Amino acid sequence: MKNRLKVLRAERDWSQQDLADRLEVSRQSVNAIETGRYDPSLPLAFKIADVFETQIEDIFLRD
Amino acid sequence: MTTQTQRKGRPGLWVGLFFACAGVIIALRLSGAIKEPVGFILLALSMGLMIPFNKAMKNSSCTYSAAMDIYNRRMMVCSIGYVLGLGIAIVLWRNYELADWTVFALTLLPILPTFGMIWAMARYLKEESDEYLRHKSMMASLAALAFVLALGIFWGFLEMFGLVPHIWAWWVLPAWAIGLAGAQLWQKVRGA
């Protein structure tokens, strides 16, 4: 699944570690999601949407 | 459980030191320089190197969650218990004429710590709050299980037709651990 995590992070000038701290996950997890190697669960996807104050569908896109 | 990522520590040093110690102890034992109980005691003591290893992991650049920390502590306790239990059981079994029920009780000495290791693995999967790390562990565990099944079936048929010697069934645990380490290494190489 494609996603806009890198763009959203860049807009806020957050590093992967900054986002990881906000999500309470490892930087490795953020990297895996961002590069499309891992699709997050629905609860984590909602948490990501909450952190960016947007909707899930604005972050994750269909292939 | 929160995830910690910091920038110091050299866990590889302690792992290397542990294997070096284990190698020296095994060499001393095989050469007859030390007796069986001493070998087991030294091996159990060398497992104390997991304490600085755990600290180094916390301070390393590797991802190391609180659940991993607890898992490693539990595995350390179980490993020391296993080596000591196995040593005591072997020494008593070889040197004394024991009743069957006593032998059964002795076999529990190495068995129970290995059950503890399995319990520690199950608890880790339950306690790891980082779903990606949990996912990676589960995939590595499945790969290790596939390795054990493949090895068991392969060896079992070779043994049935008399091509290879018999091996004890408890080898499934070390074989599983080798499979797990191999799978984790593969994940690291692939950047997962």
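Per chain, the residues get numbers from 1 upward, laid out in the order the sequence is written. Chain letters and ligand numbers both follow the written order, the letters beginning at A and the numbers at 1. Where local features are concerned, this predicted model is filtered to residues with pLDDT of at least 70; where side-chain atom pairs are given and counted, the filter is 80 or more; whole-chain, interface and lining totals use all residues. As a convention, hydrogens and water are excluded, and side-chain values are obtained from all of the structure's heavy atoms.

With that settled, consider a nonpolar patch on the surface. Residue and element names in this part refer to chain B. On the surface, Val38, Ile41, Leu42, Leu45, Leu84, Ile88, Leu92, Tyr96 and Leu109 cluster together to form a nonpolar patch covering roughly 760 Å² of accessible area. Secondary structure counts use DSSP, requiring at least four H or I residues in a row for a helix and at least two E residues in a row for a strand, with both numbered from the N terminus. At 4 residues, helix α2 (residues 36-46) tops the list of elements feeding residues into the nonpolar patch. Counting through the fold element by element, tyrosine 96 comes out in the loop between α4 (66-95) and α5 (100-127). Exposure above 30% relative accessible area and the absence of a salt bridge qualify a residue for a patch, where like charges join within 9 Å and nonpolar side chains (Val, Leu, Ile, Met, Phe, Trp, Tyr) within 5 Å. Every accessible area reported is derived by Shrake-Rupley at a probe size of 1.4 Å, with residue values counting cover from the shown protein chains alone. Every case where a carboxyl oxygen of Asp or Glu lies within 4 Å of a side-chain nitrogen of Lys or Arg is listed as a salt bridge.

A few words on the interface of chain A and chain B. Reports of interface size often rely on the accessible area that becomes lost once the parts have come together. Each side of the interface is counted separately: chain A has 11 residues, and chain B has 11 residues. Note: buried area is the sum, over both parts, of the accessible area (probe 1.4 Å) each one loses when the two are combined. Approximately 1,000 Å² of surface area, both sides summed, lies buried where chain A meets chain B, with 46% of it carried by carbon and sulfur atoms. When the buried surface of chain A facing chain B is broken down by residue, A:Gln28, A:Arg37 and A:Tyr38 rank first, second and third, together holding 48% of it. At the boundary of chain A with chain B, the tally comes to 0 salt bridges. At 3 residues, the largest contribution of residues to the side of chain A that touches chain B is made by helix α3 (residues 27-34) of chain A. Two residues form a contact once any of their heavy atoms are found within 4.5 Å.

Take the domain arrangement of chain B next. Residue and element names in this part refer to chain B. Taken as a whole, chain B is organised into domain 1 (1-62), domain 2 (65-126) and domain 3 (130-192). At the interface, 7 residues of domain 2 touch 6 residues of domain 3. Interface of domain 2 and domain 3: buried area, both sides summed, is about 600 Å²; carbon and sulfur atoms make up 81% of it. Summed over the three residues of domain 2 that lose the most area to domain 3, namely Met121, Tyr124 and Leu125, the buried surface amounts to 61% of that side. Taken together, domain 2 and domain 3 are joined by 0 salt bridges. Pairs of N or O atoms within 3.5 Å make up the polar contacts considered here, provided that, within protein, one atom can donate a hydrogen while the other can accept it, and that residues adjacent in sequence are counted only when both atoms are side-chain atoms. Counting across the interface, domain 2 meets domain 3 through 0 residue pairs in polar contact (both at pLDDT 80 or more). For this classification, the nonpolar set comprises Ala, Val, Leu, Ile, Met, Phe, Trp, Tyr, Cys and Pro, the charged set comprises Asp, Glu, Lys and Arg, and every other residue, Gly included, is treated as polar. For the side of domain 2 that touches domain 3, the class distribution of residues is 5 nonpolar, 2 polar and no charged. The domain boundaries here were taken from an automatic or database domain assignment.

As a further point, take the UniProt feature "transmembrane region" (unreviewed entry) in chain B. Feature annotation in UniProt assigns "transmembrane region" (unreviewed entry) to the following positions: residues 12-31, 37-54, 75-96, 102-125, 137-155 and 167-186 of chain B. Summarising residues 102-125 of chain B: 100% helix, 0% strand, and an end-to-end C-alpha distance of 36 Å. UniProt positions are given in the numbering used here, feature names are shortened, and annotations may be inferred rather than shown by experiment.

Cross-referencing UniProt, the feature "domain: HTH cro/C1-type" (unreviewed entry) maps to residues 5-59 of chain A in the present numbering. A distance of 7 Å separates the end C-alpha atoms of residues 5-59 of chain A, which is 62% helix and 0% strand.

As enumerated under the stated definition, the model contains 6 salt bridges over all chains in all. A salt bridge links A:Arg9 to A:Glu34; the nearest nitrogen and oxygen atoms lie 2.7 Å apart. Of this pair, A:Arg9 sits in helix α1 (residues 5-12) while A:Glu34 is found in helix α3, placing the two residues 25 residues apart along the sequence. Salt-bridge contacts for B:Glu127 lead to B:Arg74; the nearest nitrogen and oxygen are separated by 3.2 Å.

Think of a nonpolar core as a cluster: buried Ala, Val, Leu, Ile, Met, Phe, Trp, Tyr and Cys residues, connected wherever their side-chain atoms sit within 4.5 Å. Per-residue accessibility, obtained with a 1.4 Å probe over protein chains only, is compared with the maximum for each type, and a residue is labelled buried under 20%, exposed over 50%, and partly exposed between these values. A:Leu19, A:Ile48, A:Phe52 and A:Ile59 are the most contacted members of the largest nonpolar core, which has 21 residues in total. Elements represented by at least two residues in this core include exactly α1, α2 (16-23), α3 and α4 (42-51) of chain A. With 5 residues, the single largest contributor to this core is α4(A). Excluding anything up to four places from it in sequence, A:Ile59 contacts A:Lys2, A:Asn3, A:Arg4, A:Leu5, A:Leu8, A:Ile48, A:Ala49, A:Phe52 and A:Thr54. Of all hydrophobic cores here, the second largest spans 20 residues; its members include B:Met68, B:Met121, B:Leu133 and B:Ala140.

This part takes up α2(A). Residues and elements named next belong to chain A. Among all positions in α2, only Gln16, Leu19, Ala20 and Leu23 are buried. Seen end-on, α2 carries its buried residues on one side only, within an arc spanning 100°. Structurally, α2 contributes buried residues whose contacts are with α1, α3 and α4. Count one or two residues on from α2 and you reach glutamate 24, which has phi positive near 60°. Along the arc lie the directions from the helix axis toward the C-beta atoms.

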